[in-house]
Amino acid sequence: MIDTKTINLAFKAGRNLFYQNFYMKTGINLLKPTNFYSIINEFCNARCKICDMWTRNKIIDLPAEIWIKHLESIHDWLGRYYISFSGGEPLIKKDFFNILEFCNQKGISCGVVTNSIKIDKQMAEELIKLRVFNISISVDGAKAETHDYLRGVPGLFDHVIEVVSYLKDAKEKNKVPLRIIFKTVVNSRNLEEIPDIIRLVEKLGITGVMFQPVFKWTEATKNELWVKDIETLDKVIREVIKLYKNGSPILVSQDTIQLWRNHFLEEKLEPKRICNIGLNNYLMQWDGKVFLCTFFPSIGNLSETKAKDIWYSEKAENIRKATINCRKTCLNTCTSKKSINDRLKQFFQLLKS
Ligand SMILES: C[S@@+](CC[C@H](N)C(=O)[O-])C[C@H]1O[C@@H](n2cnc3c(N)ncnc32)[C@H](O)[C@@H]1O
Ligand code: SF4
Ligand code: SF4
């Protein structure tokens, strides 16, 4: 099932690559954001070891109308675009489906990153009917014991497998494309299961798997879950690259997989590697703050200012320049750069769905 939305999005991403080169050579800013992210809430119904969202105070929850107004300002400026909704757990925000409905009416493609706890057969149907572009389910183990331990929710692994069948059935019944993606955070507890997660994705016949090496957020990520056994890491990297070269549906590039080593050794990137996050990304947070990269100050507030004015503001321009010079070994799939290789491989993988 080929979806023209995928072609349209790829065209816009390609055009921005041209604008990026032009900007780097001349400093003239014709850039338009191509990667929109919304960290829509801080609420969560899981108890993950890798993330502290579920421990927070949960005070701010912007109503759907404010989100919709800002998403409309992006649409007025750029036409159709792709946005990924994450959180917290986006599917427990009470008015979240109003936002999905608005996006569907406007032809805005939506991705949803979820722990899948809330998805039952009925919700799977709803997501399909709202023409959601992709559902990315966090899966942190190839077996129940590992996934349920890392997510702090007994029975969640078996539930994820059921959710995949609900989504596949609803997709088949309604004859609409939907990319079902697993999203795995690589850490010491699941490192040796990574090849099996890839095999599981193949067995389930879903679109693919994205990997993200764990960031140091919680105490567990700094100690228990940080990969210190570099020999095993090297062995896993070799095996994953072999699967990648044999055509397994891995949605990150070979280069990115190799960089897991630098990430866990906390090595700096070589100076020739330039981060292009500030040239593409527009990340919105639950409290209205907008960022190019969350490691840098906010560039504006979505409740107060239209997207175009935020993007071309002096503040955004200064932070953009700082992100280009940033030398963190940052491999954040939510917010960081993608090479041309990543994009092409992802494009063809998404076309198949
Ligand atoms: C914060 S969650 C929000 C969406 C949803 N609750 C979920 O878990 O899929 C977004 C993504 O960040 C990942 N994540 C959480 N903690 C992380 C960490 N310490 N390092 C890297 N990725 C992390 C999650 O696994 C998930 O794929
Ligand atoms: S990773 Fe997702 S599911 Fe886990 S605590 Fe964080 S927001 Fe919740
Ligand atoms: S390298 Fe990472 S921290 Fe630095 S600007 Fe890029 S995404 Fe942000």
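1. Side note on the site of ligand 1
Consideration 1: In the vicinity of ligand 1, 18 residues are found, and the nearest of them are Ile 50, Cys 51, Ser 138, Phe 215 and Trp 217.
Consideration 2: At the level of secondary structure, the elements contributing two or more residues to the shell around ligand 1 comprise strand S3 (109-114) and strand S5 (179-186).
Consideration 3: Looking at the shell around ligand 1 residue by residue, the class counts come to nine nonpolar, seven polar and two charged.

2. A look at the site of ligand 2
Consideration 1: All residues in the neighbourhood of ligand 2 are listed as Cys 44, Ala 46, Cys 48, Cys 51, Met 53, Trp 54, Gly 87, Gly 88, Glu 89 and Asn 115.
Consideration 2: Of the residues in the shell around ligand 2, the class split is six nonpolar, three polar and one charged.

3. Description of unusual backbone geometry
Consideration 1: At Lys 175, a position not held by glycine, the phi torsion is positive, near 50 degrees.
Consideration 2: A count of 8 C-beta atoms within 10 Å places Lys 175 in the exposed class.
Consideration 3: Backbone geometry at Glu 266 places phi at a positive 55 degrees, although glycine is not the residue there.
Consideration 4: Judged by the 10 C-beta atoms lying within 10 Å of it, Glu 266 falls in the exposed class.

4. A word on the environment of Phe 264
Consideration 1: Along the chain, Phe 264 falls in helix H10 (residues 254-265).
Consideration 2: When the 21 C-beta atoms within 10 Å are taken as the criterion, Phe 264 is described as buried.
Consideration 3: Sequence-wise, Phe 264 and Val 252 are twelve residues apart; in three dimensions their C-alpha atoms are separated by 17 Å.
Consideration 4: Apart from residues lying up to four places away in sequence, Phe 264 is in contact with Pro 213, Trp 226, Val 227 and Leu 233.

5. Details of the packing of helix H7 (residues 194-204) against helix H9 (residues 230-245)
Two numbers describe a pair of packed helices, the interaxial angle and the distance between the axes.
Consideration 1: Packing of H7 against H9 leaves a shortest axis separation of 9 Å and a crossing angle of 20 degrees. If you check the angle between H7 and H9, you find them roughly parallel. Facing H7, whose interface residues are Ile 194, Pro 195 and Ile 198, H9 presents Val 236, Glu 239, Val 240 and Leu 243.
Consideration 2: When the residues that make up the contact of H7 with H9 are grouped by side-chain class, the tally is six nonpolar, no polar and one charged.

6. Quick notes on the pairing of strand S6 (residues 208-213)
Consideration 1: A large share of S6 lies buried, amounting to six of its six residues.
Consideration 2: Inspection of the sheet shows S5 paired to S6 by six bridges, in the parallel sense. Bridging from a neighbouring strand, Ile 181 pairs with Gly 208 of S6.
Consideration 3: Chirality of the crossover, the property in question, places the unit of S5, H7 and S6 among those that are right-handed.

Parameters and conventions
Residues numbered from 1 in each chain as written. Chains lettered and ligands numbered in written order. Predicted model: local features only at pLDDT ≥ 70, side-chain atom pairs only at ≥ 80, totals over all residues. Near = placed C-beta within 6 Å. Helix = DSSP H or I, 4+ residues; strand = E, 2+ residues; numbered from the N terminus. Nonpolar A, V, L, I, M, F, W, Y, C, P; charged D, E, K, R; others polar. Buried ≥ 20, exposed ≤ 12 C-beta atoms within 10 Å, placed from the backbone. Contact = placed C-beta atoms within 7 Å. Axes fitted to C-alpha atoms, helices over the stretch in contact; angles between N-to-C directions. Parallel < 35°, antiparallel > 145°, perpendicular 65-115°, else oblique. Pairing = 2+ DSSP bridges. Right-handed = clockwise from strand over helix to strand, strands pointing away.

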